[in-house]
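A closer look at the structure
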Amino acid sequence: MGSIHSHDYMDTDQIEGRVLVVGFGNSGCDLAVDAAQHRFDVSIAVRRGQLFQPKTLMGKPRSELSFLNELPREQQNMLMNVLIYASKGSAGDYPGLPTPETYDLDRQPPVVNDLLLYWIQHGRVKPVPGVADIEGKTVRFTDGTSDEYDTILWATGFNTRLPFLDDDLLEWEAGVPLRNAGEILPTTVEGLYFVGLCSPRGPQWPVYCAQSRLICEMLRTRAAGIDDLTARFARGAAPEARIDIIRHEWQADMDESWRRLSFIAPAEKAEKAA
């Protein structure tokens, strides 16, 4: 039986026969859709219910619905649930999908996919329970049923690796470097900055742009002779180990980082530069 992790997946030329996708996040859903659209017999293992979010609402990406961001967090969640139900219905409308464990969008990683639900409804993708055991081509599921597959696609997450840096340079927790200041600064090394070593929920390009702008200001500060920003931001801070971060929590961290950076008075910069 073929076995491929999503990291190594390129296209459907790598798979054959009956396909089982293990993992129900964004990568797993995309793999299942790709296989289904190429007319493979596809199952996807679903350990728990998940609230799907459409890529667009009222013809616009969710992030461009500015009125949502103007509401309090609880009202945002309530309105998004209404919009999701109006757009996609409920889990019961899709054969085999379990009911979501929660409808609080902050308490589950977002799964944004329209086509998986389409193919489930058309019988081209079959949800199955979590995997309990694998022997040869036979996969046994947590509900006691079993089936045979020719290819398993694993979408079970990623490990954080920075092969161009010595691991001992950084402080790690749960396999992830600890960071401060909007997940930009490591806790131990001056003059090192991270872009994209976090995934605040929602579109990612604005995250990279926002981090880059803050890094530019940090570089200007460093050029003025203040070269201990890592130490300054580490003092009194609780470093972040998460990659998946609720968007408004990350934004609050970014706002606070700009505020702290502004406390380095121009006079101090001028004194350092002199």
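Relevant structure appears above.
Residues numbered from 1 in each chain as written. Predicted model: local features only at pLDDT ≥ 70, side-chain atom pairs only at ≥ 80, totals over all residues. Heavy atoms only, no water.

**So, the packing of aromatic side chains**
According to the stated counting rule, one finds four aromatic pairs in the structure shown. Plain terms: the ring middles of Phe24 and Phe52 are 5.4 Å apart, the flat faces sit at 85° to each other, and that makes the pair edge-to-face. One end of the pair, Phe24, is in the loop between β2 (19-22) and α1 (26-37); the other, Phe52, is in strand β4 (residues 52-53), and 28 residues separate them in sequence. On the basis of relative accessibility, which here comes to 13%, the residue Phe24 falls in the buried class. Centroid distance Trp205 to Tyr208: 5.3 Å. Interplanar angle 80°. Geometry classified as edge-to-face. Of the two residues, Trp205 and Tyr208 both sit in helix α5 (residues 205-223), three residues apart, roughly one turn of that helix. Taking relative accessible area as the criterion, Tyr208 reaches 26% and is therefore assigned partly exposed. (Phe/Tyr/Trp six-rings, centres within 6.5 Å; stacked < 30°, edge-to-face > 60°. Helix = DSSP H or I, 4+ residues; strand = E, 2+ residues; numbered from the N terminus. Buried < 20%, exposed > 50% of the residue type's maximum accessible area, 1.4 Å probe, protein only.)

**Concerning the pattern of salt bridges**
Close approach of charged atoms allows side chains of opposite charge to pair. The final tally for this structure, using the stated rule, is 14 salt bridges. Where Asp133 meets Arg140, a salt bridge forms, and the shortest distance between an N and an O atom there is 2.8 Å. Judged by its relative accessible area of 33%, Asp133 is partly exposed. A salt bridge links Asp228 to Arg232, with the nearest nitrogen and oxygen atoms 2.8 Å apart. Here the salt bridges do not stand alone but share partners, grouping Arg18, Asp41 and Asp147 into one network. (Salt bridge = Lys/Arg side-chain N within 4 Å of Asp/Glu carboxyl O.)

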